[in-house]
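# Remarks on the overall topology
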Amino acid sequence: MEELLNKAIIVSESCVSDCLKHSNNSSMSLCIRNCLVNERICKALKTAIKNKCNQSVLNSLKEACLESGLCVVEECSKHQMKCCKDCVVHISKLNNKLKLKSSKKKSSKKKSK
């Protein structure tokens, strides 16, 4: 998970930087905002995992990371810039991992009831 988070953080930061430098900012403003938020949420999740924080907080951050990642993928999919394509690839990998962990958690809760 840490490797996926690190890569997501890097591609999100790069996308923000590249979109600010090389594009008409108004056309890329949603992409920039989504990537910036996603990068911050990924960093918060990484910090929470490293510090073995409360499971409830960790679960909330995982859900936020997944939701934010879905927004990034949706918006970056609309653009042809390399940074956006990189975001789609790497954020999708993290999203898949988060979805997998979420579905395992839900199925174990159903079994325990």
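See the structure printed just above.
Residues numbered from 1 in each chain as written. Predicted model: local features only at pLDDT ≥ 70, side-chain atom pairs only at ≥ 80, totals over all residues. Heavy atoms only, no water.

## Thoughts on the overall build of the protein
- Summing up its helical and strand segments, the protein has four helices and zero strands in all.
- Shown N-terminal to C-terminal, the secondary structure of the protein runs as helices and strands in the order α-α-α-α.
- Counting every position in the protein, which comprises 113 residues, the buried fraction comes to 35%.
- Counting only contacts in the protein whose residues sit at least 6 apart along the sequence, the fraction spanning at least 24 positions is 71%. (Helix = DSSP H or I, 4+ residues; strand = E, 2+ residues; numbered from the N terminus. Buried < 20%, exposed > 50% of the residue type's maximum accessible area, 1.4 Å probe, protein only. Contact = heavy atoms within 4.5 Å.)

## Observations regarding helix H3 (residues 55-76)
- Here H3 is 22 residues long and its end C-alpha atoms lie 31 Å apart, about the 32 Å a rise of 1.5 Å per residue gives.
- Among the residues of H3, Leu58, Asn59, Leu61, Lys62, Cys65, Leu66, Ser68, Gly69, Val72, Val73, Glu75 and Cys76 are the ones counted as buried.
- With a side-chain oxygen lying 2.7 Å from the backbone nitrogen of Ser56, the N-terminal cap of H3 falls on Asn54. (Expected span 1.5 Å × (residues − 1). Polar contact = N/O pair within 3.5 Å; in protein donor to acceptor, adjacent residues only side chain to side chain.)

## Considerations on the environment of Val11
- Here Val11 is to be found in helix H1 (residues 2-22).
- Residue class for Val11 comes out buried when judged on its relative accessible area of 6%.
- With 76 residues separating them along the chain, Val11 and Cys87 place their C-alpha atoms 5.6 Å apart.
- Those residues in contact with Val11, other than ones at most four positions away along the chain, are Asp86, Cys87, His90 and Ile91.

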